[in-house]
Amino acid sequence: MRFLVLLALLLVASPLRAAERLNVVASFSILGDFVRTIGGDRVNVTTLVGPDSDVHVYTPAPSDAKRIADAKLVIVNGLGLEGWLPRLVQSSGARAQVVTASAGITPLKLGSAVDPHAWQSVPNVKVYVTDIANALVAADPDDAEFFRAQAKAYLEKLETLDREVREAVAKIPPERRKVISTHDAFGYFAAEYGVQFIAPLGVSTETEPSARDIAGIIGQIKAQKIPAVFLENISDDRLIRRIATETGVKVGGTLISDGLTGEKGPAPTYIDMVRHNIKALTSALDH
């Protein structure tokens, strides 16, 4: 009899718990992973820009407005990444709080443009995690202890990850820490870990390189003896393959830049992404 009573209580409690979950919308897959990691089973997370998709050129669907209208929190990167988002939030009539996860990070600049790819530095992601945890706590104080514990555990994993990256880069000869990637997505990684990235596109994949830009990069590869070029999971690979063909430089693999992969890909989480990228870089550069 006691077992049946407990079972009945569980059946009643489970849907209630699900209904009480905090509805959170994340602008793209990397932020979605942060929110899921910190929020656990206390949040329902919807990601607008999904795996292997390019947040720079995303066109919102009508269903996105409904997702935002149903949300308590909308987590965005900021730094100019989601130019399409303010209009979407306005059109949705949402009362959700918009939280900028990069708040507190000193942005890098490329000319007059702000580089939005702050997540490519693991120390910066500690700021993201703290900002997201604080937003979840403010939105759902009853689960504050849970969110803080989840964030603390994740911050410890990020500390280990940061150490792994530094140790891996230290093994690459300094003169070989130079690569070509499709667009300027790795400026924060370069500044943090001392690997030089050169890209034919700017900070956004919306730009198109000129023939002069491409010729300049080909000349730079030859002059500086740059050992490898890399594809990106979100970008058309024809430009990089052309540069590789014209210079004879090997394609070092695919770097994950602005979006995680699907579950079956090499980088379904942020930590997987960083480990994938550092493995690709060290394999191409350390010999």
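To be clear, the structure that these remarks concern was listed above.
Please read these numbers as outputs of a predicted model, since none were measured by experiment.

Caption draft 1: Just helix α2 (residues 29–39), in detail. Taken across its eleven residues, α2 has nine buried, putting it largely inside the fold. Of the surrounding secondary structure, the elements contacted by the buried residues of α2 are β1 (22–28), β2 (43–49), β3 (73–76), α5 (122–139), α6 (144–170) and α10 (270–285).

Caption draft 2: Quick peek at the pattern of salt bridges. Evaluated as defined, the whole model comprises nine salt bridges. With a closest N to O distance of 3.1 Å, R67 and D64 form a salt bridge. One end of the pair, R67, and the other, D64, are both in helix α3 (residues 62–69), three residues apart, so they sit about a helical turn from each other.

Caption draft 3: Representation of the packing of aromatic side chains within the structure. The final tally for this structure, using the stated rule, is nine aromatic pairs. Centre to centre, the rings of F34 and Y154 are 6.3 Å apart; their planes meet at 55 degrees, and the pair counts as tilted. Remark: Y154 occurs in helix α6 and F34 occurs in helix α2; sequence separation between them is 120 residues. In terms of burial, F34 and Y154 fall into one category: buried. With 5.9 Å between their ring centres and 85 degrees between their planes, F189 and F197 make a pair best called edge-to-face. Judged by its relative accessible area of 5%, F189 is buried. You can call F197 buried: its relative accessible area is 12%. Ring pairs connect the aromatic residues F34, Y128, Y154 and Y270, which therefore count as one cluster. We note R42 situated over the ring of F146; from NZ or CZ to the ring centre the distance is 4.0 Å.

Caption draft 4: Main features of unusual backbone geometry. One non-glycine residue, D52, lies in positive phi territory at about 55 degrees. In this fold, D52 is placed in the loop between β2 and α3. Unlike most non-glycine residues, L79 shows phi in positive territory, near 60 degrees. With respect to the helices and strands, L79 occurs in the loop between β3 and α4 (85–92).

Caption draft 5: Main features of the sheet that holds β1. Across the sheet, which stays open at both edges, the four strands sit in the order β2-β1-β3-β4 with parallel pairing between neighbours. The open sheet has two free edges, formed respectively by β2 and β4 (97–100), since each of these has just one partner strand. Shown here is a sheet whose adjacent strand axes are inclined to one another by a mean of 25 degrees, direction ignored. Its contacts with the sheet place α3 against β1, β2 and β3, and it is angled at close to 150 degrees to β2.

Caption draft 6: Structural context of the pairing of β4. Bridge analysis of β3 against β4 gives four bridges, and the strand direction is parallel. Looking at the pairing, V74 lines up with V98 of β4. Note on the crossover from β3 through α4 to β4: the handedness is right-handed.

Caption draft 7: Spotlight on the packing of α5 against α6. At a minimum axis distance of 9 Å, the contact between α5 and α6 shows a crossing angle of 175 degrees. Judged on the interaxial angle alone, α6 and α5 are roughly antiparallel. For the pair α5 and α6, contact is made by V122, P123, V125, K126, V129, T130, A133, L136 and V137 and by A144, F147, R148, A151, Y154, L155, L158, E159, L161, D162 and R166, respectively. When grouped by side-chain class, the residues that make up the contact of α5 with α6 number 14 nonpolar, one polar and five charged.

Caption draft 8: Broad picture of the side chain of T47. Locating T47 in the fold gives a position in strand β2. What makes T47 buried here is its relative accessible area of 17%. Setting aside residues no more than four positions away along its own chain, T47 makes contact with A26, F28, S29, G32, R36 and R67.

Caption draft 9: Structural view of the environment of R177. If you trace the backbone, R177 turns up in the loop between α6 and β7 (178–180). R177 gets classed as buried once you look at its relative accessible area, which sits at 19%. For R177 and A284, which are 107 residues apart along the polypeptide, the C-alpha to C-alpha distance reads 9.9 Å. Residues in contact with R177, not counting those within four places in the same chain, are V169, A170, I172, G194, V195, Q196 and L285. In terms of polar contacts, R177 uses its side chain to reach the backbone carbonyl oxygen of V169, at 3.3 Å. One polar contact links the side chain of R177 to the main-chain carbonyl oxygen of I172, over a distance of 2.8 Å.

Caption draft 10: Structural view of the side chain of N124. On the secondary structure map, N124 appears in helix α5. On the basis of relative accessibility, which here comes to 15%, the residue N124 falls in the buried class. Beyond its immediate sequence surroundings of up to four residues, N124 is in contact with I105, A118 and Y188.

The rules behind the values
Residues numbered from 1 in each chain as written. Predicted model: local features only at pLDDT ≥ 70, side-chain atom pairs only at ≥ 80, totals over all residues. Heavy atoms only, no water. Buried < 20%, exposed > 50% of the residue type's maximum accessible area, 1.4 Å probe, protein only. Helix = DSSP H or I, 4+ residues; strand = E, 2+ residues; numbered from the N terminus. Contact = heavy atoms within 4.5 Å. Salt bridge = Lys/Arg side-chain N within 4 Å of Asp/Glu carboxyl O. Phe/Tyr/Trp six-rings, centres within 6.5 Å; stacked < 30°, edge-to-face > 60°. Lys NZ or Arg CZ within 6 Å of the ring centre and 35° of its normal. Pairing = 2+ DSSP bridges. Axes fitted to C-alpha atoms, helices over the stretch in contact; angles between N-to-C directions. Right-handed = clockwise from strand over helix to strand, strands pointing away. Parallel < 35°, antiparallel > 145°, perpendicular 65-115°, else oblique. Nonpolar A, V, L, I, M, F, W, Y, C, P; charged D, E, K, R; others polar. Polar contact = N/O pair within 3.5 Å; in protein donor to acceptor, adjacent residues only side chain to side chain.

Such coordinate-based values are descriptive only and should not be taken to indicate function.
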